[in-house]
Amino acid sequence: MINKENDIEARDEYPGFNQDNNELFDANGNFPITEKQRNEMIVKLEGKVAEMMNILRISRNDPNSTHTPGRIARMYVNELLSGRFTPAPELTVFPNRKNVDELIISKGIEIMSLCSHHWQPISGECAIGYIPDRKLIGLSKLSRIAEWFARRGQIQEELGEQIADYLEDLLKPKALGVVIKARHYCMIARGVRGSEANSLMVTSVMRGLLLDEFNLRNEFLKLIE
Ligand SMILES: [Zn+2]
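Residues numbered from 1 in each chain as written. Predicted model: local features only at pLDDT ≥ 70, side-chain atom pairs only at ≥ 80, totals over all residues. Heavy atoms only, no water.

1. A closer look at the coordination of the zinc ion
Next up, step 1: At this site the zinc ion is bound by C115 (SG), H118 (ND1) and C186 (SG), with donor distances of 2.2 to 2.4 Å.
Next up, step 2: Between consecutive donors of the zinc ion, the numbers of intervening residues give the motif C-x2-H-x67-C. Here H118 is found in the loop between β2 (104-115) and β3 (121-131), whereas its partner C186 is found in helix α6 (residues 185-190), with 68 residues between them in sequence. (Donors = N, O, S within 2.8 Å, 3.2 Å for Na, K, Ca; no water. Helix = DSSP H or I, 4+ residues; strand = E, 2+ residues; numbered from the N terminus.)

So, in structure tokens, the structure goes:
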């Protein structure tokens with residue numbers, strides 16, 4: 001018999017489709033929808049947020065709360081969870097004509113995400129480094145990719161892996177590293193013990209030469225400090 005308490009495997013006891021027969025998918029998944037579909041989603045969500053406010057006994061006669069349902073609905077669909085509903089950013093990949101064989105690093109990439117567990121912000125920075133093989137990518141594109149994955153319901157560990165998987169697929173680099181340092185407002189806001197406002201969560205994903213070669217990894221970590 002399965003011990004439910006310790007069962008962390010994916011479960012299928014919840015429906016796979018919503019009332020409109022749209023398929024449900026993971027919080028950090030992606031399924032692009034049209035602008036019309038997004039707007040329909042916002043209208044429905046607005047009604048549900050209004051219900052939530054009623055349950056919490058927040059009067060919408062309070063002028064600060066009158067338009068809150070629409071505001072929250074638009075914020076989730078168009079901003080906080082936008083990476084679920086938009087296609088991948090357009091990326092141009094360039095040939096590595098000069099055979100660049102050194103680390104190329106973009107750091108200080110702003111990460112604004114949402115924790116899947118509590119729907120509170122995750123805010124921090126990401127550094128991405130790679131040693132190219134035959135393909136190069138513009139540094140600004142690395143930020144776009146990070147943003148596309150961050151703007152979903154996430155856990156930080158999976159966010160780093162998703163970014164790394166995507167870049168590995170796209171560039172087939174010799175080495176790849178994705179380091180994220182972020183603050184989790186679910187801990188900060190709820191006042192979880194031992195989690196001062198300064199506490200940072202650090203995750204690192206290393207692939208290829210960065211995984212195998214100790215000196216290279218040290219160089220990368222030093223450069224992104
Ligand atoms: Zn959380």
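2. Here's the deal with the packing of aromatic side chains
Next up, step 1: In the structure shown here, the tally under the stated rule is 5 aromatic pairs.
Next up, step 2: Ring centres of F149 and Y166 lie 5.5 Å apart, and the angle between their planes is 70 degrees; on these two criteria the pair is classed as edge-to-face. Of the two residues, F149 is situated in helix α4 (residues 139-150) and Y166 in helix α5 (residues 156-171); the sequence distance between them amounts to 17 residues.
Next up, step 3: Put simply, the rings of W148, F149 and Y166 touch in pairs and so form one group of aromatic residues.
Next up, step 4: The positively charged end of R84 is found above the aromatic ring belonging to F25, 4.1 Å away from the centroid. (Phe/Tyr/Trp six-rings, centres within 6.5 Å; stacked < 30°, edge-to-face > 60°. Lys NZ or Arg CZ within 6 Å of the ring centre and 35° of its normal.)

3. Concerning the sheet that holds β3
Next up, step 1: Pairing in this open sheet of 5 strands is mixed, and the strands run β5-β2-β3-β6-β7 from one edge to the other. Strands with a single pairing partner mark the edges of an open sheet, and in this sheet they are β5 (153-154) and β7 (201-208).
Next up, step 2: Where β2 lies against β3, 9 bridges are found, and the strand directions are antiparallel. Note that in β3 the partner of S106 across the bridge is I128.
Next up, step 3: The strands touched by α4 within the sheet are β2, β3 and β5, with β2 carrying the most contacts at an inclination of about 20 degrees. (Pairing = 2+ DSSP bridges. Contact = heavy atoms within 4.5 Å. Axes fitted to C-alpha atoms, helices over the stretch in contact; angles between N-to-C directions.)

4. Remarks on helix α2 (residues 68-80)
Next up, step 1: The terminal C-alpha atoms of α2, which comprises 13 residues, lie only 16 Å apart, well short of the 18 Å expected from a rise of 1.5 Å per residue.
Next up, step 2: Turning to α2, its buried residues number three or more, namely T68, P69, G70, A73, Y76, V77 and L80.
Next up, step 3: In this fold, the buried residues of α2 make contact with α1 (35-55), α3 (82-85) and β2. (Expected span 1.5 Å × (residues − 1). Buried < 20%, exposed > 50% of the residue type's maximum accessible area, 1.4 Å probe, protein only.)

5. Topic: the domain arrangement of the chain
One frequent convention defines the size of an interface as the accessible area lost when the parts assemble.
Next up, step 1: Entries for the chain in the domain assignment read domain 1 (31-85) and domain 2 (93-223).
Next up, step 2: Summarising the inter-unit geometry, the C-alpha centres of domain 1 and domain 2 are found 30 Å apart.
Next up, step 3: Facing 7 residues of domain 1, the contacting portion of domain 2 comprises 6 residues.
Next up, step 4: At the boundary of domain 1 with domain 2, total buried surface from both sides reaches about 600 Å², with 63% on carbon and sulfur atoms.
Next up, step 5: Seen at the junction of domain 1 and domain 2, the total is 0 salt bridges.
Next up, step 6: In this assembly, domain 1 and domain 2 are joined by 3 residue pairs in polar contact (both at pLDDT 80 or more).
Next up, step 7: Listed by contribution, the elements that provide at least two residues to the side of domain 1 that touches domain 2 are α2 and α3.
Next up, step 8: The residue makeup of the side of domain 1 that touches domain 2, split by class, is 3 nonpolar, 2 polar and 2 charged. (Domains from an automatic or database assignment. Buried area = accessible area lost by both parts, 1.4 Å probe. Salt bridge = Lys/Arg side-chain N within 4 Å of Asp/Glu carboxyl O. Polar contact = N/O pair within 3.5 Å; in protein donor to acceptor, adjacent residues only side chain to side chain. Nonpolar A, V, L, I, M, F, W, Y, C, P; charged D, E, K, R; others polar.)

6. Some words on the pairing of β2
Next up, step 1: Linkage of β2 to β3, two consecutive antiparallel strands, is achieved through a turn of 5 residues, within which W119 is found at a positive phi near 55 degrees.
Next up, step 2: Pairing geometry for β2 and β5, over 2 bridges, is parallel. Looking across to β5, one finds that L114 is bridged to G153.

7. Here we look at the nonpolar core
Next up, step 1: Among the nonpolar cores identified, the biggest contains 27 residues, and C126, I128, Y130, L159, I163, L167 and V178 are the most heavily contacted of them.
Next up, step 2: Mapped by element, the contributors of at least two residues to this core are β2, β3, β4 (135-137), α4, α5 and β6 (175-184).
Next up, step 3: In terms of residue count, α4 provides more of this core than any other element does, 6 residues in total.
Next up, step 4: Apart from the residues lying within four places of it in its own chain, the contact partners of Y130 are E102, L103, I104, K135, L136, I137, L171, P173, A175 and L176. (Core = buried A, V, L, I, M, F, W, Y, C linked by side-chain atoms within 4.5 Å.)

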